[in-house]
There are 2 protein chains.
Amino acid sequence: MRIAIVGLGTVGSGTFNVLKRNQSDIAARAGGPIQVVQVASRRLNPTCELGDVEFTTDIMAPCSNPDVDVVVELLGGTGIAADVVRSALSHGKHVITANKALIAEQGNELFPLAAANGVNLAFEASVAGGIPVIKAIREGLAANRILAVAGIINGTGNFILTEMREKGRAFADVLAEAQALGYAEADPTFDVEGIDAAHKLTILASVAFGVPLQFRAAYTEGISRIDPQDVRQAEAFGYRIKHLGITRRCENGIELRVHPTLIPEKQLIAKVDGVMNAVMIQADALGQTLYYGAGAGSEATASAVIADLVDIARAHRQNSSLGVPSLGYRADALNDLKVVPINEIECAYYLRILAKDHPGVLANVAQILSRHSINIESITQKETDEQNGLVPMILLTHRVREKDMDHVIDAIEALDDVVGSVIRIRVESFS
Amino acid sequence: MRIAIVGLGTVGSGTFNVLKRNQSDIAARAGGPIQVVQVASRRLNPTCELGDVEFTTDIMAPCSNPDVDVVVELLGGTGIAADVVRSALSHGKHVITANKALIAEQGNELFPLAAANGVNLAFEASVAGGIPVIKAIREGLAANRILAVAGIINGTGNFILTEMREKGRAFADVLAEAQALGYAEADPTFDVEGIDAAHKLTILASVAFGVPLQFRAAYTEGISRIDPQDVRQAEAFGYRIKHLGITRRCENGIELRVHPTLIPEKQLIAKVDGVMNAVMIQADALGQTLYYGAGAGSEATASAVIADLVDIARAHRQNSSLGVPSLGYRADALNDLKVVPINEIECAYYLRILAKDHPGVLANVAQILSRHSINIESITQKETDEQNGLVPMILLTHRVREKDMDHVIDAIEALDDVVGSVIRIRVESFS
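Residues numbered from 1 in each chain as written. Chains lettered and ligands numbered in written order. Predicted model: local features only at pLDDT ≥ 70, side-chain atom pairs only at ≥ 80, totals over all residues. Heavy atoms only, no water.

*Asks:* Could you clarify how one ought to interpret the overall build of chain A in this entry?
*Replies:* Of the regular secondary structure elements, chain A holds 13 helices and 17 strands. Relative to the compact-globule value of 22 Å for 431 residues, chain A shows a C-alpha radius of gyration of 24 Å, a close match. In terms of its C-alpha atoms, chain A occupies a principal-axis envelope of roughly 80 × 45 × 35 Å. Each of the 431 residues in chain A was classed as buried or not, and the buried ones make up 62%. The long-range fraction of contacts in chain A, counting pairs at least 24 apart against all pairs at least 6 apart in sequence, stands at 72%. Just so you have it, chain A exposes about 15,600 Å², and 48% of that area is on carbon and sulfur atoms. (Helix = DSSP H or I, 4+ residues; strand = E, 2+ residues; numbered from the N terminus. Rg over C-alpha atoms; globule rule 2.2 N^0.38 Å. Buried < 20%, exposed > 50% of the residue type's maximum accessible area, 1.4 Å probe, protein only. Contact = heavy atoms within 4.5 Å. Areas by Shrake-Rupley, 256 points an atom, 1.4 Å probe, with all protein chains shown as cover.)

*Asks:* Would you take a moment to explain the interface of chain A and chain B for this structure?
*Replies:* Interface size is often expressed as the accessible area that is lost when the parts come together. Every contact between the two is made by 61 residues of chain A and, on the other side, 61 residues of chain B. Interface of chain A and chain B: buried area, both sides summed, is about 4,800 Å²; carbon and sulfur atoms make up 51% of it. Across the salt bridge formed by A:Asp284 and B:Arg21, the nearest N and O atoms sit 3.1 Å from each other. For the interface between chain A and chain B, the tally reads 30 residue pairs in polar contact (both at pLDDT 80 or more). Ranked by the residues each element gives to the side of chain A that touches chain B, the list is headed by helix H11 (residues 298–317) of chain A, at eight residues. For the side of chain A that touches chain B, a count of residues per class yields 30 nonpolar, 15 polar and 16 charged. Where strand E12 (residues 287–294) of chain A meets strand E12 (residues 287–294) of chain B, three bridges bridge the pair, whose relative direction is antiparallel. Looking across to E12(B), one finds that A:Tyr292 is bridged to B:Leu290. (Buried area = accessible area lost by both parts, 1.4 Å probe. Salt bridge = Lys/Arg side-chain N within 4 Å of Asp/Glu carboxyl O. Polar contact = N/O pair within 3.5 Å; in protein donor to acceptor, adjacent residues only side chain to side chain. Nonpolar A, V, L, I, M, F, W, Y, C, P; charged D, E, K, R; others polar. Pairing = 2+ DSSP bridges.)

*Asks:* Which parts of the structure should I look at to understand the pattern of salt bridges?
*Replies:* When their charged atoms lie close together, side chains carrying opposite charge are able to pair. Applying the stated criterion across every chain yields a total of 70 salt bridges over all chains. Of the charged contacts in the structure, one is a salt bridge between A:Glu177 and A:Arg169, with a shortest N-O distance of 2.5 Å. What makes A:Glu177 partly exposed here is its relative accessible area of 28%. Connected via shared salt-bridge partners are A:Lys135, A:Glu139, A:Asp311, B:Lys135, B:Glu139 and B:Asp311.

*Asks:* Teacher, can you tell me more about helix H9 (residues 195–209) of chain A here?
*Replies:* Three or four residues apart is the spacing at which side chains of an α-helix point the same way, because the helix has 3.6 residues per turn. Residues and elements named next belong to chain A. In this model H9 runs 21 Å from its N-terminal to its C-terminal C-alpha over 15 residues, within 8% of the 21 Å that 1.5 Å per residue would give. Counting buried residues along H9, 14 of its 15 residues qualify, which places the element largely inside the surrounding structure. Just beyond H9, the residue with positive phi is Gly210, at close to 65°. (Expected span 1.5 Å × (residues − 1).)

*Asks:* I keep staring at the side chain of A:Ser206 and nothing clicks. Help me out?
*Replies:* Checked against the element boundaries, A:Ser206 lands in helix H9. Look past the residues within four positions of A:Ser206 in its chain and what remains in contact with it is A:Val211, A:Pro212, A:Leu213 and A:Leu327.

*Asks:* What is the right way to look at the domain arrangement of chain A in this model?
*Replies:* All names here are of chain A. Structurally, chain A comprises domain 1 (2–130 + 298–331), domain 2 (133–294) and domain 3 (345–427). Between domain 1 and domain 2, the C-alpha centre-to-centre distance is 27 Å. Taken together, the contacts link 23 residues of domain 1 with 25 residues of domain 2. Scanning the region where domain 1 abuts domain 2 turns up two salt bridges. Here Asp311 and Lys135 are joined by a salt bridge, their closest N and O atoms 2.8 Å apart. Ranked by residue count, the leading element in the side of domain 1 that touches domain 2 is helix H4 (residues 100–116), at eight residues. (Domains from an automatic or database assignment.)

*Asks:* How do you make sense of the relation of the copies chain A and chain B when you look at a structure like this?
*Replies:* Each of the two chain copies can be generated from the other by rotation about an axis followed by a shift along it. The two copies are related by a screw operation: chain A maps onto chain B through 180° of rotation and 0.0 Å of translation along the axis, at an RMSD of 0.0 Å. On the angle and the small slide along the axis, the relation comes out as a two-fold axis. When C-alpha positions in chain A are compared against the rotation axis, the closest is assigned to A:Tyr291, at 2.4 Å. Of the interface residues in chain A, 100% have counterparts in chain B that sit at the interface too, so the contact is made through matching surfaces. (Least-squares fit on C-alpha atoms with pLDDT ≥ 70 in both.)

*Asks:* Even after reading the chapter, I still don't get the pairing of strand E15 (residues 390–397) of chain B, so can you show me in this structure?
*Replies:* Side chains on a regular strand alternate between the two faces of the sheet. Residues and elements named next belong to chain B. Burial within E15 is extensive, with eight of its eight residues counted as buried. Burial along E15 is two-sided: the face carrying Leu390, Pro392, Ile394 and Leu396 and the face carrying Val391, Met393, Leu395 and Thr397 are both buried. Here strand E14 (residues 376–381) runs beside E15; their pairing, made up of five bridges, is antiparallel. In the strand pairing of E15, Ile376 is matched with Thr397.

*Asks:* Would you explain the packing of aromatic side chains in this entry?
*Replies:* In this description, an aromatic ring pair is defined by two values, namely the gap between the centres and the angle between the planes. All names here are of chain A. Applying the stated rule across the entire model yields three aromatic pairs over all chains. Seen in terms of ring centroids, Phe111 and Phe123 are 5.4 Å apart; in terms of plane orientation they differ by 50°. Their pairing is tilted. Of this pair, Phe111 sits in helix H4 while Phe123 sits in the loop between strand E6 (121–122) and helix H5 (133–140); the two residues are twelve residues apart in sequence, bridging distant segments of the chain. Summarising the burial analysis for this pair, Phe111 and Phe123 share the class buried. (Phe/Tyr/Trp six-rings, centres within 6.5 Å; stacked < 30°, edge-to-face > 60°.)

*Asks:* Explain the sheet that holds strand E3 (residues 54–56) of chain A to me, please; I cannot follow it from the model alone.
*Replies:* Working definition: the strands of a sheet are paired by backbone hydrogen bonds and lie parallel or antiparallel to each other. Residues and elements named next belong to chain A. Read from one edge of the open sheet, six strands run E3-E2-E1-E4-E5-E6, paired in parallel fashion. One side of each edge strand has no neighbouring strand; the edge strands of this open sheet are E3 and E6. Of the pairings in the sheet, the one linking strand E1 (residues 2–6) to strand E4 (residues 70–73) comprises four bridges and is parallel in character. Residue pairing across strands places Ile3 opposite Val70, the latter belonging to E4. Contacting E1, E4, strand E5 (94–97) and E6, H11 runs over the sheet at an angle of about 160° to E5. (Axes fitted to C-alpha atoms, helices over the stretch in contact; angles between N-to-C directions.)

*Asks:* I tried to follow the sheet that holds strand E6 (residues 121–122) of chain B on my own but got confused; where do I start?
*Replies:* Residues and elements named next belong to chain B. If you walk across this open sheet you meet the six strands as E3-E2-E1-E4-E5-E6, and the pairing is parallel. Strands with a single pairing partner mark the edges of an open sheet, and in this sheet they are strand E3 (54–56) and E6. On the sheet, helix H1 (residues 10–21) packs against strand E1 (2–6) and strand E2 (35–40) and is oriented at approximately 150° with respect to E1. Each of E1, strand E4 (70–73), strand E5 (94–97) and E6 touches helix H11 (residues 298–317); the most contacted strand, E5, lies at about 160° to it.

*Asks:* When you look at the environment of B:Ala178 in this model, what are you seeing that I'm missing?
*Replies:* All names here are of chain B. Locating Ala178 in the fold gives a position in helix H7 (residues 171–181). As a C-alpha pair, Ala178 and Glu163 span 15 residues in sequence and 10.0 Å in three-dimensional space. If sequence neighbours within four positions are ignored, Ala178 has contacts with Phe159, Tyr183 and Ala184.

*Asks:* For this particular structure, what's the right way to read the state of the cysteines?
*Replies:* Among covalent bonds in proteins, the disulfide is the one between the sulfur atoms of two cysteines. All names here are of chain A. Enumeration according to the criterion identifies zero disulfides over all chains in this entry. With no disulfide of its own, Cys48 lies closest to Cys63 among cysteine sulfurs, the gap being 19 Å. Cys48 sits in the buried class, given a relative accessible area of 10%. (Disulfide = S-S within 2.5 Å.)

*Asks:* Please explain the confidence of the model for chain A as it appears in this structure.
*Replies:* When pLDDT is low, close inspection of the predicted coordinates is not appropriate. Taken as a whole, chain A shows an average pLDDT of 96; of its residues, 100% reach a score of 70 or greater. Taken together, the chains of this predicted complex give a pTM of 0.97 and an interface ipTM of 0.97. (pLDDT = per-residue confidence, 0-100.)

*Asks:* Looking at this model, I keep getting lost on the nonpolar core. Mind explaining?
*Replies:* The nonpolar side chains of a soluble globular protein tend to be buried with one another. Grouped together as the largest cluster of nonpolar side chains are 118 residues, with contacts concentrated most on A:Val133 and B:Val133. Filtering out sequence-adjacent residues up to four positions away, B:Val133 remains in contact with B:Glu124, B:Val127, B:Ala128, B:Leu204, B:Val279, B:Ile281 and B:Tyr291. (Core = buried A, V, L, I, M, F, W, Y, C linked by side-chain atoms within 4.5 Å.)

*Asks:* Teacher, can you tell me more about unusual backbone geometry here?
*Replies:* Glycine aside, residues mostly have negative phi, and peptide bonds are mostly found in the trans state. Backbone geometry at A:Ala128 places phi at a positive 60°, although glycine is not the residue there. Counting through the fold element by element, A:Ala128 comes out in the loop between E6 and H5.

*Asks:* For this particular structure, what's the right way to read the packing of helix H12 (residues 361–371) of chain B against helix H13 (residues 402–413) of chain B?
*Replies:* If you want to describe how two helices pack, look at the angle between their axes and the distance between the axes. Residue and element names in this part refer to chain B. The geometry of H12 relative to H13 is characterised by a closest axis approach of 10 Å and an angle of 155° between their N-to-C directions. On the basis of the axis angle, H12 is roughly antiparallel to H13. Considering the relative orientation of H12 and H13, their crossing is right-handed. Contact residues: H12 offers Val365, Ile368 and Leu369, while H13 offers Val408, Ala411 and Ile412. Across the contact of H12 with H13, the residue classes break down as six nonpolar, no polar and no charged. (Parallel < 35°, antiparallel > 145°, perpendicular 65-115°, else oblique. Left-handed = near helix turned anticlockwise from the far one by under 90°.)

*Asks:* What am I meant to see in the environment of A:Asp385 here?
*Replies:* Residue and element names in this part refer to chain A. In this fold, Asp385 is placed in the loop between strand E14 (376–381) and strand E15 (390–397). For Asp385, a relative accessible area of 27% puts it in the partly exposed group. The residues touching Asp385, leaving out its near neighbours within four places in the chain, are Gln233, Leu390 and Pro392.

Here's what the structure looks like:
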């Protein structure tokens, strides 16, 4: 099978180098050699010895190269990368991509284009780097009705939260270090505000529930406002704060949301630290499974790209294409499950309320919750935490609809003795 | 696609029931319905409503039933199950099995038989229940040179060790409870002596390294001699004791061994508790990944059986068979890596030595290790642990060849002040 690599950055160079280093193992697994016949990139990459592989700076060239069976798009972004993918598919080439933004935002048009041309558009590397989680859901869990997926799917965010917890550091401080270490981009918005995670979650939801990609409907909340005292308080209650992407089958559709979340420290996913990723899946027959590994990096991501290549090569050898539908379900049997708005979801909450140190504040807060029929799991207010006559009150509630919680928070903020905004972090137990 | 289920016990009934309950989702994923046309079992199972599905007590009947495309063997064992699998393959039926003993002990004959008949013999359910770990290795990690696989692949053993640690209970005590709860068999040998784990590890090694199945060469050591004080001491050093199956590429072949193992508590696999399973894989491009979930149970195991069914159905629809080689590598490209004997492996060790409370014992022990050029990571001897004038001395060593450690242990046991046998538990850091 003859392939072209388009883009020779971090993932492109990793793909080229792993294919070369492990070529005999890969050929033995795939049933025959996978040969790189062309590399297209704006510039050469000193980590890759191209040898006699054809190199071009014409990014579009592989799309119409008659010697190429598979185009591997590793440019990223939704601009020129989209042109490459469209052109390659239209020319009857299989396409493999690591491009989460492209799949999440344009997948609904790209998959039918691939089908119309009788080729595959594979994207294992677009979610959680090298962890074969798309494969696990679409194939390994094909027996199941998937109930929920929750993932730590942005390594930068998890690194920051881990440092905040382990060393009591502030968000901005750790972010600056992550940028210095190269874990975070100069513009960290995509990572810390949850946009990158929302792209990945959108894809996970589609393969889990067999629904079209609904990126625009995802609720996204970042971690930039997480305060070290919340990390500490969560720990005191037996929880960890993780930046999770959560998608769940619910009464009226599916939930699709990325936000900081308290999870019980007993849950394995709560113990996933540093830049590592993990995806937890709840399924009706299988119960809970978890998939853990490197969510980014040159060769880790290349591992997923090449897994897609091997899948296609194995089918190619039998003159067939992949039998696995792009979104897990046959294109004509996709489900019509809409994303429910965030204020319709139901979960438990962590609230931090800054109040004047007057008697009766706690009673007033408790009364507001009681009026909305919300059960309190725990409430603490430590005099010792007093600052300028203000004492933080920390609450954990039972499950409640988000819009009811909005009303509660409005009512609490309206109390005379409460100062500033109520800090709200969602709580999930996954039990 | 028309299938027959042979054996209607725990896994057979789960398979029947999940196929029925999730039939529309499964059909949408597989590209068409998967229809159970025959069930063969010695007796009916009250949890299954067979409806108009043909039932027979003739176990061999499906093997030659012209209406059956796939025979699902869920009898277990290596007796009649082997006859069923051989007959079905010989009649040109695809076979799916959850039978670890059969694959580990007879796979080297069964896979060529399947190939000769142009059909697949699939066995995802044979390892780690519903966790799609065979798929992860053979497909998801196909880019990689796999370096090592380590797994908690027996839930009974992990339940026992977890109870011993959390509650300070003795092995026999927990085993009795596990038997009462139905987690452990009346004859627990297969579980607690590591034979079940060795079957699964043999299979994992073969798909990871592309080598023939070498069950007879596996080293197997159970957990029945683990003492609560070792569990406690391990914890004091920052380790957990887990019953691991470990297979690793080494200088002269592969290691293949099941034994109690100290692992650093920081490792995610050390935190896998209760009856849960987890498999950790070290690979050259991807680094470390971990796959966690239920390793047994009716519907969890059925999930893996049906995943194999869906794979075959997807290929079947395109008139092809699975392009994935049984052992991950093309049958004519298998590697010739032999299992190295246990005394040739290298790892670190935990030693517990019972010694008279005399001055100089510690120095004598340290000298023996020094003479064999073995570095000591830590050594403790607590007077407070004295019992009848004997004090346990606990050592953690650096990595050393097992046969050198054998000599060291002989020398230590020969010391006048040392009483009884030295307790030795292997230590792995997986870093």
